[in-house]
Amino acid sequence: MVRLLDSLKVGDITLKNRIVMPPMYTGFATKKGEVTEKLVDHYIDRCKNLGLLIIEHSYVAIEGKLSERQLGAYNESLISGLKKLSRRIQNMGTPVILQISHAGNRAMSDVTGIKKVSSSPNNQSHELESDEIKVIIQRFAKAAEWGIKAGFNGIEIHGAHGFLLNQFYSPITNKRSDQYGGCLENRLRFPLEVVREVKKKIRNKLLLYRLGSDDLDPRGTKIWESQIFAIKLENAGVNLIDVSGGICGSRPDILQGIQGYFVSQAQQIRKAVNVPIIGVGGIKEPEFANRLIEEEKVDLIAVGRQLFKDPDWATKTVERLKI
Ligand SMILES: Cc1cc2nc3c(=O)[nH]c(=O)nc-3n(C[C@H](O)[C@H](O)[C@H](O)COP(=O)(O)O)c2cc1C
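First, a word on scope: everything that follows refers to the structure included in this document. Computed from a predicted model, the values in this text were never measured in an experiment. (Residues numbered from 1 in each chain as written. Predicted model: local features only at pLDDT ≥ 70, side-chain atom pairs only at ≥ 80, totals over all residues. Heavy atoms only, no water.)

What follows deals with the overall build of the chain. Summing up its helical and strand segments, the chain has 11 helices and 13 strands in all. Compactness check: the chain gives a C-alpha radius of gyration of 18 Å against a globular reference of 20 Å for 323 residues, within 12% of the reference. For the chain, the spread of C-alpha atoms along the principal axes amounts to about 55 × 40 × 35 Å. The proportion of buried residues among the 323 residues of the chain is 60%. Across the chain, every contact between residues at least 6 apart in sequence was considered, and the portion connecting residues at least 24 apart equals 71%. Only carbon and sulfur atoms are counted for the fraction: they give 48% of the accessible area of the chain, which is about 13,000 Å². In the chain, 47 side chains carry a positive charge and 37 a negative one; their mean positions are 2 Å apart. (Helix = DSSP H or I, 4+ residues; strand = E, 2+ residues; numbered from the N terminus. Rg over C-alpha atoms; globule rule 2.2 N^0.38 Å. Buried < 20%, exposed > 50% of the residue type's maximum accessible area, 1.4 Å probe, protein only. Contact = heavy atoms within 4.5 Å. Areas by Shrake-Rupley, 256 points an atom, 1.4 Å probe, with all protein chains shown as cover. Lys, Arg positive; Asp, Glu negative; His and termini not counted. Charge placed at Lys NZ, Arg CZ, Asp CG, Glu CD.)

As structure tokens, this is what we get:
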């Protein structure tokens, strides 16, 4: 039987266990998106005994910035700070991934000073033209290239929580009638173009996709669509799928208090593909996390807020589950 503390080989890397710290914004970067000592310390305090650490969402373009002190991956000049971050974490024995993101119409134009963009227009955002989409694809590809140059073991593309790629995937936010809207194949086009370009840049480094698998809205994405999406992600070279919420976000009110609240969706995605799946949502107890692995519901579990609160969660879990 596979257990939480068992290793897992993903791509060229062997993760020492199946505990993942998911990407979580800290607000510790500078206003230009640079790494600070405080940000490095935050991760150093938490990375011991993790199988994998995913660094918070980093914006690939200024107009896609969500908050004032968000980490950036939009410019080559940020590589040296990112390199310090990746090296310090790897020196603790933990592989580290950089999440890259574009917030689309969730960006804060008061922070960026630039009009928001999205799949479809509203009174605050402009509908991306196909040549603008191409530019954003290149921004993702460049951010990924710089992340790898900065020494990260891989890149996670943020395709969940109602951000830009999710805005294209979800029929709630995508009302387009061109090749990027309408049927499932068209709604997947932009996210998959991003995945393919990023894959070209990062080659054999790990590629993760954070999939917003369900909008929790009858007008939104359906799990069968996300299963098809996952198959296409696998075919495009994604090594790990990190299953979370769609337009409903990462912490929908109605699911709070339930341990493992997105795991049933992750389990559905897992049935469709061969790549390992990360399950997340309200996980607190080591035994509960271990059971999810033993019962083969998911391959890895991510623990977010609990690791924020208790930096030693992974260490305590390893102690407790060790035989
Ligand atoms: C403060 C905070 C910041 C977050 N930032 C991100 C982020 O940058 N990228 C992302 O994909 N999810 C983000 N999330 C969602 C978490 O990765 C995770 O999916 C969510 O908190 C549910 O897991 P948990 O119940 O273990 O905390 C954030 C969550 C919190 C609480």
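This part covers helix α4 (residues 130-149). Note on helix geometry: an α-helix contains 3.6 residues per turn, so any two residues three or four positions apart are oriented the same way. Relative to the 28 Å expected for 20 residues at 1.5 Å per residue, α4 spans 29 Å between its end C-alpha atoms, a close match to the ideal helical length. Turning to α4, its buried residues are Ile133, Ile136, Ile137, Phe140, Ala141, Ala143, Ala144, Glu145, Trp146, Gly147 and Ile148. Residues of α4 that are buried in the fold lie against α2 (79-91), β6 (96-101), β7 (116-118), β9 (154-159), α5 (164-169) and α6 (184-202). (Expected span 1.5 Å × (residues − 1).)

Lining the immediate surroundings of the ligand are 19 residues, of which Pro23, Gln99, Gly282, Gly304 and Arg305 lie closest. Within the side chain of Arg305, a nitrogen or oxygen atom sits 2.6 Å from an oxygen atom of the ligand. Relative to its unbound accessible surface of 610 Å², the ligand loses 90% to contact with the protein. Residue classes in the shell around the ligand are distributed as seven nonpolar, eight polar and four charged. (Near = heavy atom within 4 Å. Polar contact = N/O pair within 3.5 Å; in protein donor to acceptor, adjacent residues only side chain to side chain. Nonpolar A, V, L, I, M, F, W, Y, C, P; charged D, E, K, R; others polar.)

Turning next to the packing of aromatic side chains. By convention here, two paired aromatic rings are described through the distance between centres and the angle between planes. Tallied over the full model, the rule gives seven aromatic pairs. When the centroid spacing of 4.9 Å and the interplanar angle of 10 degrees are considered together, the rings of Tyr59 and Tyr74 count as stacked. Of this pair, Tyr59 sits in strand β4 (residues 52-59) while Tyr74 sits in the loop between β5 (71-72) and α2, and the two are 15 residues apart along the sequence. By relative accessible area, Tyr59 is classed as buried at 1%. The class for Tyr74 is buried, based on a relative accessible area of 15%. Ring geometry for Phe168 against Tyr180: centres 6.4 Å apart, planes inclined by 90 degrees, an arrangement best described as edge-to-face. One end of the pair, Phe168, is in helix α5; the other, Tyr180, is in the loop between α5 and α6, with 12 residues separating them in the sequence. Of the two residues, Phe168 and Tyr180, neither departs from the other in class, the shared state being buried. (Phe/Tyr/Trp six-rings, centres within 6.5 Å; stacked < 30°, edge-to-face > 60°.)

Turning to the side chain of Ser250, a few remarks are in order. Assignment of secondary structure puts Ser250 in the loop between β11 (240-244) and α8 (263-272). Residues contacting Ser250, with those up to four places away along its chain left out, are His161, Ser244, Tyr261 and Phe262.

Judged by how many residues are buried, strand β10 (residues 206-212) sits mostly within the fold: seven of seven residues are covered. Burial along β10 is two-sided: Leu206, Leu208, Arg210 and Gly212 and Leu207, Tyr209 and Leu211, pointing in opposite directions, are all buried. Sheet topology places β9 next to β10; six bridges connect them, and they run parallel. Among the inter-strand pairings, His158 is bridged to a residue of β10, identified as Arg210. Bridge count between β10 and β11: five bridges; the pairing is parallel. Opposite Tyr209, over in β11, you have Ile241 as the bridge partner. Traced from β10 through helix α7 (residues 223-235) to β11, the parallel crossover comes out right-handed. (Pairing = 2+ DSSP bridges. Right-handed = clockwise from strand over helix to strand, strands pointing away.)

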